[in-house]
Structures are given as C-alpha cells and as structure tokens.
Amino acid sequence: MAFLRKAFAGAALFMLALLPAGARNYILCVGIADYPGTQNDLRLSAGDALTMQTLYQKNGQSTVRLFQNEQATVAAVTAAFDELCNEATEDDAVIFYFSGHGVPGAFVCHDDFLRYDDVVSALGRSAAKKKIIFADACFAGKARRSRRHATAETYAQTSVLFFLSSRTNETSIENRTMKNSLFTAYLERGLRGGADTDRNRTVTAHELFRFVSEGVQQKSRQKQHPVMWGRFDNDMPLMTW
C-alpha cells in the first residue's frame, strides 16, 4: 500500500442495523499487517479488520468472526467463511471483509493466496440473499478477472455486491496520520451514517459508493478510485439505524 499524510476526521457513533428483526449479518473480518518477515509488513490492515468487527458488533443482529495477522491462514479463513455461509439463511446477509496485500486474482493471506474465485464460490453456496465483499487491498479491482473466471458478468451471476478499494492498476493507500486505511476509514464513516444523504436513516449501495468514492478520490488526490459492481439493486439497504 502507498502512503499519504493528510488526516481524516472520525464520524459520530450510531447504533447500527442492517436487517429486519429475526435476520442476521454473518461477517468475516480479515486484516493482515504483519506478514512473514518484515519487507511486506503494513501498518493499518489488522486494525482495519478490528474496526469493521466493532462496527458490526454494535448491532445485536450480527455474528462476526475476526482473523488478524498470523491467525489469517488460507485454511482458517476458508473454514470460518464456509461455516458462516452455511449458517446463514435466506433472509440473512453474508459479508466478507479483507484488508491487506492483494495480487491480481487473489487476497494475500498470512501463508498463501486466497483466490477471489474461492470466496465467490463459498458465497454462491450460501442461501443468503445479500452477499457482499468489501476489499481494501492493492489491485482489488482485478476481481473482475481471475484465472478461472474470465469476466465480471460470470461473478455477477452469484448476486454478489463487490465494493473494492481500488482499480485494477492501483494500490490502496494508508495514511500515516490515520488509524485506518483510506478506503476502510470512509467505508466505516459511510456505514455509520455519513453516506445517508437523504437522511432517511438507511444507507443504500448507491449512497455508500458515492460517499466513499468521492472521499477517497479527494483525499488521495485522484490516486485511488474505489469500484463497486455485481448484480444488485442500487437502492439495496446496506445499513440502517
């Protein structure tokens, strides 16, 4: 990840909910800052995952699993996410959040590559209607293409909302004065209510993308451009309070 120096103001804390009573969020938060050796270490990624865990734990309707640093092996992450996907019912939401290094076609876990295909396949097996991937990783936009899936349209058949921190040729930025990576900082602030432009206490996919995209582009001086795609309704509620 690259670095900037400008600070980011935090948002006020809201009590959050994503689903109607009886339904749940099943979210896996993965953040890796401490990779084997020292050459590839990051600063904020482990804290990014903790921030997202805290965000969803404020909602009593959420089941959250957190993996940081050496805990985040491919086997451990895959097993935990399969469990969450299998546990979710039709009315629930399944969410995969990752912050760390990325390469074209994969997230970089502590010990190996976790391919986008495998995450999408797990989501495809879940009965949940709402399926979301938040990725704060370099080259995250490469999820549009992988070795086994040629186009974004193939992924879109699984009805997954992809919200990715950067385009295919961009790094994801860590700001030296912030507690979270740039994308995650705006993502959290948007979900807490900052993206609710019509003030109806519901953050939709369109509102969140606009808020995060504009904020990240401005703060990065147009060096980072988040992308959102997949098969979903622009007015799909992602958070209410």
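Everything in this summary refers to the structure shown in the same document.

The next point concerns the packing of aromatic side chains. Any aromatic ring pair is given by two values, namely how distant the centres are and how the planes are angled relative to each other. Going through the model one piece at a time under the given rule, you end up with nine aromatic pairs. Taking the centre distance of 4.6 Å and the plane angle of 35° together, the rings of phenylalanine 98 and phenylalanine 107 count as tilted. Taken together, Phe81, Phe96, Phe98, Phe107 and Tyr116 form an aromatic cluster joined through their ring pairs.

Further remarks concern the environment of threonine 168. Summarising the element assignment, threonine 168 is placed in the loop between β9 (160-164) and β10 (173-175). According to the relative accessible area criterion, threonine 168 is partly exposed, its value standing at 33%. In sequence terms threonine 168 and valine 227 are 59 residues apart; their C-alpha atoms lie 9.5 Å from each other.

Spatially, β3-β2-β4-β8-β9-β12 is the arrangement adopted by the six strands of the open sheet, whose pairing is mixed. Each of the sheet's edge strands pairs with one partner strand only, and the pair in question is β3 (62-68) and β12 (227-230). Put simply, the sheet's adjacent strands are angled 10° from each other on average, direction ignored. Pairing of strand β2 (residues 25-31) with β3 involves seven bridges; the strand directions are parallel. Residue pairing across strands places cysteine 29 opposite leucine 66, the latter belonging to β3. Along the sheet, helix α2 (residues 74-87) makes contact with β2, β3 and β4 (93-100), crossing β2 at roughly 170°. Seen against the sheet, helix α6 (residues 205-219) touches β8 (130-137), β9 and β12 and runs at an angle of roughly 10° to β9.

With that settled, consider α2. Because the α-helix completes a turn every 3.6 residues, residues three or four places apart line up on one side. Counted at 1.5 Å a residue, the expected span for α2 with its 14 residues is 20 Å, and the 20 Å between its end C-alpha atoms agrees. Every buried residue of α2 is accounted for by Val74, Val77, Ala80, Phe81, Leu84 and Cys85. One face of α2 carries all of its buried residues, which in axial projection span an arc of 145°. Away from its buried face by more than 90 degrees, α2 exposes Ala75 and Asn86. Taken together, the buried residues of α2 touch β2, β3, β4, β7 (113-115) and α3 (116-125).

By size, the foremost hydrophobic cluster in this structure holds 38 residues, and its most contacted members are Leu28, Val30, Val77, Phe81, Phe96, Phe107 and Ile133. Those elements giving two or more residues to this core turn out to be β2, α2, β4, β6 (106-108), α3, β8, β9 and β12. Leaving out residues up to four positions away in the same chain, valine 30 has contacts with Ala49, Phe67, Ala72, Val77, Phe96, Tyr97, Phe98 and Ser99.

Before going further, it helps to examine the packing of helix α5 (residues 182-194) against α6. Contact pair α5 / α6: the axes reach a minimum separation of 9 Å and the direction vectors enclose 145°. Pair α5 / α6 crosses with right-handed handedness. Residue-level inspection shows Leu182, Phe183, Tyr186, Leu187, Arg189, Gly190, Leu191 and Gly194 of α5 in contact with α6, the latter providing Leu208, Phe211, Val212, Gly215, Val216 and Lys219. Within the contact of α5 with α6, the residues separate by chemical class into nine nonpolar, three polar and two charged.

Once that is clear, we can look at the pairing of β2. Counting buried positions over the seven residues of β2 gives seven, a clear majority of the element. With seven bridges connecting them, β2 and β4 associate as parallel partners. Looking at β4, one finds that leucine 28 is bridged to phenylalanine 96.

With that out of the way, let us pick up unusual backbone geometry. Among all residues save glycine, negative phi is the norm, and among peptide bonds the norm is trans. Phi is positive for arginine 221, close to 60°, though the residue is something other than glycine. Following the sequence through the fold, arginine 221 ends up in the loop between α6 and β12. Within the chain, glutamine 222 stands out as a residue other than glycine whose phi angle is a positive 65°. By the element assignment, glutamine 222 lies in the loop between α6 and β12.

So, about the side chain of glutamate 188. Within the fold, glutamate 188 resides in helix α5. Sequence-distant contacts of glutamate 188, defined by excluding residues within four places in its chain, comprise Thr51, Leu55 and Asn180.

All right, on to the pattern of salt bridges then. Under the defined criterion, the tally for this structure stands at four salt bridges. Between arginine 125 and aspartate 82 there is a salt bridge; the shortest N-O distance is 3.3 Å. Highlighted residues: arginine 125 in helix α3 and aspartate 82 in helix α2, separated in sequence by 43 residues. Under the relative-accessibility criterion, arginine 125 is labelled exposed at 54%.

Conventions and cut-offs
- Residues numbered from 1 in each chain as written.
- Predicted model: local features only at pLDDT ≥ 70, side-chain atom pairs only at ≥ 80, totals over all residues.
- Heavy atoms only, no water.
- Phe/Tyr/Trp six-rings, centres within 6.5 Å; stacked < 30°, edge-to-face > 60°.
- Helix = DSSP H or I, 4+ residues; strand = E, 2+ residues; numbered from the N terminus.
- Buried < 20%, exposed > 50% of the residue type's maximum accessible area, 1.4 Å probe, protein only.
- Pairing = 2+ DSSP bridges.
- Axes fitted to C-alpha atoms, helices over the stretch in contact; angles between N-to-C directions.
- Contact = heavy atoms within 4.5 Å.
- Expected span 1.5 Å × (residues − 1).
- Arc of directions from axis to C-beta.
- Core = buried A, V, L, I, M, F, W, Y, C linked by side-chain atoms within 4.5 Å.
- Left-handed = near helix turned anticlockwise from the far one by under 90°.
- Nonpolar A, V, L, I, M, F, W, Y, C, P; charged D, E, K, R; others polar.
- Salt bridge = Lys/Arg side-chain N within 4 Å of Asp/Glu carboxyl O.

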